[in-house]
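The chain contents come next:
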Amino acid sequence: MIHFISKRLMHSLALVFLASVVCFTLVVSAPGNVAVLIAELRGAVATTGYVEQVEEEIGLHKPLLMRYVDWLGDAAQGDFGISYRTGQAVNADLPKRMLVTGTLIAGSAVMATLLALVLGFLGALWPYRVPDRVSHGLALLGASTPTFFVAALLIYGFSVTYQLFPSFGFEGPVTWVLPWLSVAVLPAAVLSRIVRVGLEEAMASPFVLTAKSKGLGRTTILFREALPNITPVFINALGTQVGLMTATAIIVEPIFAWQGMGDYFLSGVRFRDFMVVQACLLIFLTFFIMVNLLVDLAVLTTDPRIRRQWS
C-alpha cells in the first residue's frame, strides 16, 4: 500500500509540473505584446522606448526558459506575480476567491451525492416501476440541460416568481442554495444512473441469494450488501464530476455574481491579464490532479481487492 501511495504521489507531482508547463506555454503563446497592453492600461503613450522599459520591468527581455523558472519558483511559494490590470499582487485576491469557489464546489458535490443516492435508490427499490421510470427521466433531463439554463430556470422560479432565495451575492447559506443546485444537477444526473445500474448488478450477484435466504428484505440488502460493493465505483465517478465542477464554476459564478476563481479567470481573459490567467489555470489543474489523487486513495481504502493487489 505504501508503494502505491508513493507512486501516485510521484505521478501527481509530475502532472503538476506538466500542468505548469502547459499554463506558461499557453499564456506566453497568446498573440500581441503584453508590454503594449500594460502601457495602454497605465494611460501612457505606447512608444518604443516606453514599451521596452515595461518589457524590462516585467521581465519579458529574459530568455523564455529563465522566465518559466522564475515564474514556477515564485508560484511554488505562493507568489503569482502582479496583476497587469490592477497593479496589485495576484495572491492578495486568491484566498477569498478560492474560499468562494471552494464553497461552491464542496456544497455542490454534497448536494449531487445526496440527489444521486436518492434517485438511484428509488429506481433500485422499485425496478422498472413508476419510481424507476421517474428517476430515469429526471436523470436524462438533468444530464441534457445546460448548466446556464438550469441556473436561469432556478433564478426565475425561486427568486423572481416565488422569491424564496436571493438571485445573487455570497452573503450566507441562503444565497448558496441556488448556485449549489445549478452546479449539482448535471453531476447528480450522471451519478444517479451509476448508482442505479451498480445496485442492479449487485442485486444479481450470488451473495444476494444468501442474504435473501436469511430472510433479509430488499431494502436491507440494498443498504447492507449492495451499497458497499458499488462504493469504489461511485467514489471514482464522483471524483471525475468534482473535477468537472471546476469548469462549471466558471459559468455559474458570474450568473450569481459570485467573485470566485471562475469570475477571476474570466476577468483575466477579458482584460488579457496574463498573470491572473496563469495563476487560475495552474490552480484549476492542480485542484483536478489533487482530487484524482484523493479519489485513488479513497478507492484503495474502500476496495479490498486493490488493497490485496498492492499489499
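For the structure, check the block above.
Residues numbered from 1 in each chain as written. Predicted model: local features only at pLDDT ≥ 70, side-chain atom pairs only at ≥ 80, totals over all residues. Heavy atoms only, no water.

Engineer: Explain the overall build of the protein residue by residue, including any values.
Structural biologist: The secondary structure content of the protein amounts to 13 helices and zero strands. Its helices and strands in sequence order give the protein the pattern α-α-α-α-α-α-α-α-α-α-α-α-α, from N to C terminus. If you line up the protein on its principal axes, its C-alpha atoms span 85 × 55 × 30 Å. Sorting the 311 residues of the protein into buried and exposed places 40% on the buried side. Taking contacts inside the protein between residues at least 6 apart in sequence as the whole, the part at least 24 apart equals 72%. Element-wise, carbon and sulfur atoms account for 68% of the exposed surface of the protein, whose accessible area totals about 16,700 Å². Charge centroids of the protein, computed over 21 positive and 19 negative side chains, lie 17 Å from each other. (Helix = DSSP H or I, 4+ residues; strand = E, 2+ residues; numbered from the N terminus. Buried < 20%, exposed > 50% of the residue type's maximum accessible area, 1.4 Å probe, protein only. Contact = heavy atoms within 4.5 Å. Areas by Shrake-Rupley, 256 points an atom, 1.4 Å probe, with all protein chains shown as cover. Lys, Arg positive; Asp, Glu negative; His and termini not counted. Charge placed at Lys NZ, Arg CZ, Asp CG, Glu CD.)

Engineer: Account for the packing of aromatic side chains, naming residues and giving values.
Structural biologist: Considering all chains together, one arrives at 10 aromatic pairs under this definition. Between tryptophan 176 and tryptophan 180, the aromatic rings sit 5.7 Å apart at their centres with planes inclined by 50 degrees, giving tilted as the arrangement. With a gap of four residues between them, tryptophan 176 and tryptophan 180 both fall in helix α8 (residues 173-203), about one helical turn apart. Among the aromatic residues, those joined into a cluster by ring pairs are Phe17, Phe24, Tyr68 and Trp71. Over the face of the ring belonging to tyrosine 128 we find arginine 196, whose NZ or CZ atom lies 5.6 Å from the ring centre. (Phe/Tyr/Trp six-rings, centres within 6.5 Å; stacked < 30°, edge-to-face > 60°. Lys NZ or Arg CZ within 6 Å of the ring centre and 35° of its normal.)

Engineer: Give me the lowdown on the layout of surface pockets, citing residues and values where you can.
Structural biologist: The computed volume of the second largest pocket comes to approximately 320 Å³. As for the second largest pocket, its lining consists of 14 residues, and the residues nearest its centre are Leu138, Leu141, Gly142, Val150 and Val185. Counting residues per element, the ones that place at least two in the lining of the second largest pocket are α5 (90-125), α6 (130-144), α7 (147-161) and α8. In terms of residue class, the lining of the second largest pocket is made up of 12 nonpolar, two polar and no charged. (1 Å grid on protein atoms, 1.4 Å probe; cavity = no way out; pocket = protein on both sides within 12 Å on 5 of 7 lines; lining within 4 Å. Points joined across faces, edges and corners; volume = space filled by probe spheres on them. Nonpolar A, V, L, I, M, F, W, Y, C, P; charged D, E, K, R; others polar.)

Engineer: Give a detailed account of the nonpolar core, specifying residues and quantitative values.
Structural biologist: With 42 residues, the main nonpolar core has Leu199, Leu222 and Phe256 as its most contacted residues. At the level of secondary structure, the elements contributing two or more residues to this core comprise α5, α7, α8, α9 (206-213), α10 (218-255) and α12 (274-302). At 12 residues, the largest contribution of residues to this core is made by α10. Other than its neighbours up to four places away in sequence, leucine 222 contacts Phe121, Ala124, Leu125, Leu199, Met203 and Leu227. Counting 23 residues, the second-largest nonpolar core is a separate cluster that includes Cys23, Met261, Phe274 and Val276. (Core = buried A, V, L, I, M, F, W, Y, C linked by side-chain atoms within 4.5 Å.)

Engineer: Give me the environment of proline 228: which residues, what numbers.
Structural biologist: Within the element layout of this structure, proline 228 appears in helix α10. Proline 228 sits 166 residues away from lysine 62 along the chain, and the two C-alpha atoms are 56 Å apart.

Engineer: Let's hear about the environment of asparagine 91: which residues, and what values?
Structural biologist: Examined against the element boundaries, asparagine 91 turns out to sit in helix α5. In the structure, asparagine 91 is positioned 20 residues away from tryptophan 71 in sequence and 13 Å away in space, judged by C-alpha atoms. With sequence-adjacent residues up to four places away left out, asparagine 91 is seen in contact with Gly78 and Asp79.

Engineer: For the pattern of salt bridges, give the residues involved together with the corresponding values.
Structural biologist: The final tally for this structure, using the stated rule, is four salt bridges. Of the charged contacts, one joins aspartate 263 and arginine 97 as a salt bridge, the two residues approaching to 3.3 Å between their closest N and O atoms. Of this pair, aspartate 263 sits in helix α11 (residues 261-270) while arginine 97 sits in helix α5; the two residues are 166 residues apart in sequence, bridging distant segments of the chain. For aspartate 263, a relative accessible area of 23% puts it in the partly exposed group. Taking the relative accessible area as the measure of exposure, arginine 97 reaches 12% and is therefore buried. Taken together, the shared-partner salt bridges in this structure form one network comprising Asp132, Arg196 and Glu200. (Salt bridge = Lys/Arg side-chain N within 4 Å of Asp/Glu carboxyl O.)

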